[in-house]
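Next come the chains, spelled out residue by residue.
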Amino acid sequence: MRAALQRFEQGSVLGPLGADHRDCVLLVLAEVLNNVAEHAYAGDAGPVAVALRLRGRSIEARVVDRGGVAPALGIGRACDPLALPEGGFGTGLIRTLASGICQESRMGCNILQFRMDVDNVA
């Protein structure tokens, strides 16, 4: 996972971003990929496809895996940090930092799409 995040950090999509926004996007991606590994694949290996695109002043992301059903991110619910299970802060971070979250299962795949606004594109 670390190697994938490093490729995104140095890639053409995140390259134009300021350091704070790039780090924020990488944090959300790390949490999403961690959720895929822990929950969808339950610790087993499996393919994951990640697509990032800079569109205007937003980063749009799409993450697709073939694991079991991933836990719902609780879209639309407020995040209460005291109600999260131990180690469950990743979901709250994703919901706090990302918007336009769309999560679905289709044709044996889990698909997660989200957007992050970035206002300091070079």
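Everything below is about the structure printed above this text.
In this text the structure is predicted, and so the values were computed from the model without any measurement. (Residues numbered from 1 in each chain as written. Predicted model: local features only at pLDDT ≥ 70, side-chain atom pairs only at ≥ 80, totals over all residues. Heavy atoms only, no water.)

**Brief notes about the overall build of the chain**
Thought 1: On a plain count of helices and strands, the chain comes out with three helices and four strands.
Thought 2: Across the 122 residues of the chain, 34% fall into the buried class.
Thought 3: Here the contacts in the chain between residues at least 6 apart in sequence split such that 61% fall between residues at least 24 apart.
Thought 4: Total accessible area on the chain stands at roughly 7,200 Å², and carbon and sulfur atoms take up 53% of it. (Helix = DSSP H or I, 4+ residues; strand = E, 2+ residues; numbered from the N terminus. Buried < 20%, exposed > 50% of the residue type's maximum accessible area, 1.4 Å probe, protein only. Contact = heavy atoms within 4.5 Å. Areas by Shrake-Rupley, 256 points an atom, 1.4 Å probe, with all protein chains shown as cover.)

**Quick word on the pairing of strand β2 (residues 58-65)**
Thought 1: In terms of burial, β2 is a largely internal element, six of the eight residues being buried.
Thought 2: Here strand β1 (residues 48-55) pairs with β2 via eight bridges, running antiparallel. Paired with valine 50 across the strands is valine 63, a residue of β2.
Thought 3: In this antiparallel pair of consecutive strands, β1 and β2, the connection spans two residues, and glycine 56 shows a positive phi of 65°.
Thought 4: Here eight bridges tie β2 to strand β4 (residues 109-117), and the two strands are oriented antiparallel to one another. Bridging from a neighbouring strand, glutamate 60 pairs with arginine 115 of β4. (Pairing = 2+ DSSP bridges.)

**Details of unusual backbone geometry**
Thought 1: Although it is not a glycine, alanine 42 sits at a positive phi angle of roughly 45°.
Thought 2: Alanine 42 gets classed as exposed once you look at its relative accessible area, which sits at 57%.
Thought 3: Its identity as a non-glycine residue notwithstanding, methionine 107 has a phi of 50°, on the positive side.
Thought 4: Note on methionine 107: relative accessible area 76%, which makes it exposed.

In short, geometric facts, not functional conclusions.
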